[in-house]
Amino acid sequence: MINLTSIFTPALAVGIGATLLMDLWSAMLRCMGVATLNYALLGRWCLHWRSGTWFHQSIGEACAAHGEKIIGWTVHYLTGILFAMMFLSIAEPSWTEDPALVPALVFGAATVALPWFVLQPALGAGVASGKTPRPWRNRAVGLTTHLVFGGNLYLCAKAMALI
């Protein structure tokens, strides 16, 4: 049985660290002219749940909501922490003491399922960006970003193991 208490602190540290490093990756992409998710739109989506609206034709055209930016960024980091908890709950118990890269990369790649099959359809971009002008580029950017997240799980766990 999984002891969530014993994985909470490492998941908090690894999840925040991996998400922060992924955000640095996304900032670099934006500097190169590659579009990434605007987390205010994630917050807008979440805030529209209050009125029962889960799916949008285009989240960018939906009414702005007060506090959407802070809500979006908060949900983004909570998701990173939750993903880290999920990973640590299925990884070998000794993984945090001696992290291995491949399991973290596989998990990171698997996490792209959430945006592809839940978030993007709900925001109006279609399954796996299917309704966007450049779906294959968006898929490649999404998968790469989630692989970066997985790699960052490894790097953050490795740093913690050295402390």
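All of these numbers come straight from a predicted model, not from anything done at the bench.

Engineer: Looking at this structure, how should I read the packing of aromatic side chains?
Structural biologist: Each aromatic ring pair is summarised here by two numbers: the centre-to-centre distance and the angle between the ring planes. Per the counting criterion, the structure on display carries 9 aromatic pairs. A ring pair is formed by Trp49 and Trp54, whose centres lie 4.7 Å apart and whose planes are at 15°; its orientation type is stacked. Taking the relative accessible area as the measure of exposure, Trp49 reaches 33% and is therefore partly exposed. The class of Trp54 is partly exposed, set by a relative accessible area of 44%. The structure contains a cluster of three or more aromatic residues connected by ring pairs, namely Phe83, Phe87, Trp95, Phe107 and Phe149. Against the face of Trp136 rests Arg139, its NZ or CZ located 4.4 Å from the ring centre.

Engineer: Would you mind showing me how to read the nonpolar core here?
Structural biologist: In globular proteins that are soluble, nonpolar side chains generally tend to be buried together. Judged by nonpolar contacts, the single largest core of 28 residues is most densely connected at Trp45, Phe87, Trp95 and Leu153. Looking at this core, the elements with two or more residues in it are helix H1 (4-31), helix H2 (39-48), helix H3 (68-90), helix H4 (101-110), helix H5 (113-123) and helix H6 (135-162).

Engineer: Help me out: how do you make sense of a nonpolar patch on the surface in this one?
Structural biologist: A cluster of nonpolar side chains, namely Leu114, Phe117, Val118 and Val127, defines an oily patch on the protein surface of about 350 Å² accessible area. Relative to the helices and strands, Phe117 resides in helix H5. A relative accessible area of 52% places Phe117 in the exposed class.

Engineer: Can you walk me through H2 in this structure?
Structural biologist: Two residues of an α-helix separated by three or four positions point the same way, owing to the 3.6 residues in each turn. The buried count for H2 comes to 9 of 10 residues, which makes it a mostly enclosed element. The distance from a side-chain oxygen at the start of H2 to the backbone nitrogen of Ala40 is 2.9 Å, and the residue carrying that oxygen is Asn38.

Engineer: What should I look at first to understand the packing of H2 against H5 in this one?
Structural biologist: The axes of two packed helices give the description: the angle between them and the distance between them. Axis separation between H2 and H5 bottoms out at 11 Å; the angle between their running directions is 80°. Viewed along their axes, H2 and H5 adopt a mutual orientation that is roughly perpendicular. Mapping the contact onto sequence places Leu41, Leu42 and Trp45 in H2 and Val118, Leu119, Ala122 and Leu123 in H5. Tallied by class, the residues present in the contact of H2 with H5 amount to 7 nonpolar, no polar and no charged.

Criteria and thresholds
Numbering of residues begins from 1 in every chain and follows the order in which that chain's sequence is written. Local features in a predicted model are, by the rule used here, given only for residues with pLDDT of at least 70; side-chain atom pairs are given and counted only at 80 or more, and totals for whole chains, interfaces and linings are based on all residues. Only hydrogens and water are set aside when side-chain values are computed; all heavy atoms of the structure are taken into account. When the centres of two rings from Phe, Tyr and Trp lie within 6.5 Å, Trp using its six-membered ring, the rings pair. Their planes under 30 degrees apart give stacked, over 60 give edge-to-face, and anything left gives tilted. Remark: exposure states derive from per-residue accessible area (1.4 Å probe, protein chains only) relative to the maximum for the residue type, with buried under 20%, exposed over 50%, and partly exposed in between. For a ring to carry a charge above it, either NZ of a lysine or CZ of an arginine must fall within 6 Å of the ring centroid while also lying within 35 degrees of the normal to the ring plane. Take the buried residues of types Ala, Val, Leu, Ile, Met, Phe, Trp, Tyr and Cys, join any two whose side-chain atoms come within 4.5 Å, and each joined set is a nonpolar core. The numbering of helices and of strands both runs from the N terminus, where a helix is a DSSP run of H or I of at least 4 residues and a strand a run of E of at least 2. A patch is a set of surface residues, each over 30% in relative accessible area and not in a salt bridge, joined within 9 Å for like charges and within 5 Å for the nonpolar side chains Val, Leu, Ile, Met, Phe, Trp and Tyr. Surface accessibility follows the Shrake-Rupley procedure with a 1.4 Å probe radius. Residue values consider only the protein chains on display as shielding. Each reported salt bridge corresponds to a side-chain nitrogen of Lys or Arg within 4 Å of a carboxyl oxygen of Asp or Glu. Between N or O atoms, a polar contact is any pair within 3.5 Å; within protein, one atom must be a potential hydrogen donor and the other a potential acceptor, and residues adjacent in sequence are included only when both atoms are from side chains. Orientation is described by axes fitted as lines to C-alpha atoms, over the contacting stretch for helices, and by angles from 0 to 180 degrees between their N-to-C directions. Our angle categories are set so that under 35 degrees counts as roughly parallel, over 145 as roughly antiparallel, 65 to 115 as roughly perpendicular, and the remainder as oblique. Contacts are residue-level and defined by heavy atoms, with any inter-residue pair within 4.5 Å sufficient. Each residue gets one label: Ala, Val, Leu, Ile, Met, Phe, Trp, Tyr, Cys and Pro are nonpolar, Asp, Glu, Lys and Arg are charged, and the others, such as Gly, are polar.

Read these as layout, nothing more, since geometry by itself doesn't imply function.
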